[in-house]
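# Overview (structure and organization)
Residues per chain, in single letters:
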Amino acid sequence: MENAPNILVTGGAGFIGSHTVVSLMQQGYNPVIVDDFRNSEKRVLKGIEKITGKRPIVHEVDVVNKESMRSIFEQYTFEGIIHFAAYKAVGESVQEPLKYYRNNLVSLMNCIELCEEFGVKNFVFSSSCTVYGEPDGIVVKETTPVKPASSPYGQTKQISEQMLKDAIASKSDLRVLCLRYFNPIGAHESSSIGELPLGIPSNLVPYVTQTAIGKLPQLTVFGDDYDTPDGSCIRDYIHVMDLAEAHIFGLRWLTHQDDNTYQIVNAGTGVGVSVLEIIHTFEKVSNAKLNWTIGPRREGDVSQIYADPKLAEDLLGWKTKRSLEESLRDAWNWEQKLANEE
Ligand code: UFG
């Protein structure tokens, strides 16, 4: 499309990024992906093309490299930016904290400074419910106090939000939306794109699907002695396409705001689901028998957290549409598709 607004999408080849690129293209935007593929694969571009009929624009650049990023800002007029590119493994961040601070914070600084320099106003930032730490309540609102982060990864998300807030307080022209993601799962319903974890996954649903397909021998449920109805931890699992769509609603909302806006919005379903419920629902939708066992708790896990999604609906007009069954079915279809390709 000739007049489609350009949106810079850093980390656009990643899991949430690639699904958001699909949504953007389908909603009449022209996403410009910046990704150096350190944590993603080029075949995702073919998948995006298969769904949308168009190869997305990609620049293979490290967002930490400001001069390379500047050259991209020089080539396009962007209506907005969605900044996904960041490291996200909680355990690794404890082992290599500086790697996390450098990558996640310098890349954000570059994006803020370049947006200011080039007059790009609409800024959507990938934040995480990890900023709530171990909350006092189970259902968290955007006003729920942020608790000390339990990992350097969590710290980077808290500092990032603060950095954006401080930029706004200093009379920056930006309009910022921080989306606090809960637990994204699933894949595009066509199975053309999905999650491609590097090595052994640390997240639950890819671990479940890889166990069911036989790549991994057994799933361990990390603890069944939590103070929850079935003893396993509770999270808010959101279909990745629902989350992708939140970015479109967020961008549209931002374009109607005054300059110098800073807003935090939860991106979740509002429904808490336990690890054991994930296993049972997965077995139901896949007709596969999962080999699982109960193990000890994993350090750093909060017992239960899920989103209050009201603000997202009131402010952005966005809410999730897809069920847990659909999410797990799409995750399973994607895993089977990968197995057929190998
Ligand atoms: N779990 C298992 N077995 C596994 C993997 C996970 O029982 O093999 C359990 C965990 O203990 C937890 C639940 O499944 O109760 C979900 O775990 P994930 O690792 O999939 O997700 P988390 O909720 O721990 O982490 C996610 C994101 C992080 C983010 C965090 C914020 O992956 O990036 O939410 O809470 F920081």
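Summarised in this report is the structure supplied together with it. (Residues numbered from 1 in each chain as written. Predicted model: local features only at pLDDT ≥ 70, side-chain atom pairs only at ≥ 80, totals over all residues. Heavy atoms only, no water.)

## Considering the pairing of strand E12 (residues 261-267)
Working note: regular strand, side chains alternate between the two faces of the sheet. Counted residue by residue, E12 has five buried out of seven residues, so it is predominantly covered. Where strand E7 (residues 175-181) lies against E12, seven bridges are found, and the strand directions are parallel. Opposite valine 176, over in E12, you have tyrosine 262 as the bridge partner. (Buried < 20%, exposed > 50% of the residue type's maximum accessible area, 1.4 Å probe, protein only. Helix = DSSP H or I, 4+ residues; strand = E, 2+ residues; numbered from the N terminus. Pairing = 2+ DSSP bridges.)

## Things to note about the sheet that holds strand E4 (residues 78-83)
The parallel open sheet is built from seven strands, whose spatial order is E3-E2-E1-E4-E5-E7-E12. Where the open sheet ends on each side, the last strands, each with one partner, are strand E3 (57-59) and E12. This sheet shows a mean twist of 20 degrees between the axes of neighbouring strands, independent of strand direction. Against the sheet, helix H6 (residues 152-169) engages strand E5 (122-128), E7 and E12, with an angle of about 155 degrees to E5. Strands strand E1 (6-10), E4, E5, E7 and E12 of the sheet are contacted by helix H8 (residues 240-255), whose axis makes an angle of about 160 degrees with E7. (Axes fitted to C-alpha atoms, helices over the stretch in contact; angles between N-to-C directions. Contact = heavy atoms within 4.5 Å.)

## Quick word on the environment of glycine 154
Within the fold, glycine 154 resides in helix H6. For the pair formed by glycine 154 and valine 90, sequence separation is 64 residues and the distance between their alpha carbons is 7.6 Å. When sequence neighbours within four positions are dropped, the list of residues in contact with glycine 154 reads Thr130 and Ala149.

## A word on the site of the ligand
Close contacts around the ligand come from 20 residues, with Asn203, Leu204, Thr220, Arg235 and Asp301 the closest. At a separation of 3.4 Å, an oxygen atom of the ligand approaches a polar backbone atom of serine 202. Residue phenylalanine 222 places a main-chain N or O atom 2.9 Å away from an oxygen atom belonging to the ligand. In isolation the ligand has 680 Å² of accessible area, and contact with the protein removes 89% of it. At the level of elements, helix H7 (204-213) and strand E9 (219-222) are the ones that each hand at least two residues to the shell around the ligand. It is E9 that provides the largest number of residues to the shell around the ligand, a total of four residues. Classifying every residue of the shell around the ligand gives ten nonpolar, six polar and four charged. (Near = heavy atom within 4 Å. Polar contact = N/O pair within 3.5 Å; in protein donor to acceptor, adjacent residues only side chain to side chain. Areas by Shrake-Rupley, 256 points an atom, 1.4 Å probe, with all protein chains shown as cover. Nonpolar A, V, L, I, M, F, W, Y, C, P; charged D, E, K, R; others polar.)

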